[in-house]
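Descriptive structure summary
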Amino acid sequence: MPVQGDQATIGKGLFIKGEISGTESLYIDGKVDGSVNLPGNRVTVGRNGQVAASITAREIGCWARWRGNMTATDRVDIRAEGSLSGDVSGGAHQH
């Protein structure tokens, strides 16, 4: 999925535990356990992603398994192949 501007990637062979914050968009195809705080950017969980985290971002897209809370100021997009166990707040929701 193309994203405008800078984007960091957590590849499918990586596991991150802790807090992620910054000023870039983030594509997660690996495992993340903790929190992601990118309020002005987009967070995308790819097909291989496994997330157990609370995420705050401008836009959130999910194509995989997600356990945690989502807070988006603009838009949340959970695709048919994605699943969420948690709360969604803010923005427009699209499934």
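Higher on the page you've got the structure.
Residues numbered from 1 in each chain as written. Predicted model: local features only at pLDDT ≥ 70, side-chain atom pairs only at ≥ 80, totals over all residues. Heavy atoms only, no water.

**Details of the overall build of the chain**
Broken down by element type, the chain carries zero helices and 10 strands. Taken from the N to the C terminus, the helices and strands of the chain come in the order β-β-β-β-β-β-β-β-β-β. Split into buried and exposed, the 95 residues of the chain put 38% on the buried side. Of the roughly 5,200 Å² that the chain leaves accessible, carbon and sulfur atoms contribute 45%. (Helix = DSSP H or I, 4+ residues; strand = E, 2+ residues; numbered from the N terminus. Buried < 20%, exposed > 50% of the residue type's maximum accessible area, 1.4 Å probe, protein only. Areas by Shrake-Rupley, 256 points an atom, 1.4 Å probe, with all protein chains shown as cover.)

**Re the environment of Gly61**
The residue Gly61 is located in strand S5 (residues 50-62) in this model. Along the primary structure Gly61 and Gly46 are separated by 15 residues, whereas in three dimensions their C-alpha atoms are 8.3 Å apart. If we ignore the near neighbours within four places in the chain, the residues touching Gly61 are Arg42, Val43, Thr44, Val45 and Asp77. (Contact = heavy atoms within 4.5 Å.)

**Details of the environment of Asn48**
Within the fold, Asn48 resides in the loop between strand S4 (31-45) and S5. Once the C-alpha coordinates of Asn48 and Arg65 are considered, the two residues, 17 residues apart in sequence, prove to be 8.5 Å apart. Beyond its immediate stretch of four places on either side in the chain, Asn48 contacts Lys12, Asp29 and Gly30. Separated by 3.1 Å, the side chains of Asn48 and Asp29 make a polar contact. (Polar contact = N/O pair within 3.5 Å; in protein donor to acceptor, adjacent residues only side chain to side chain.)

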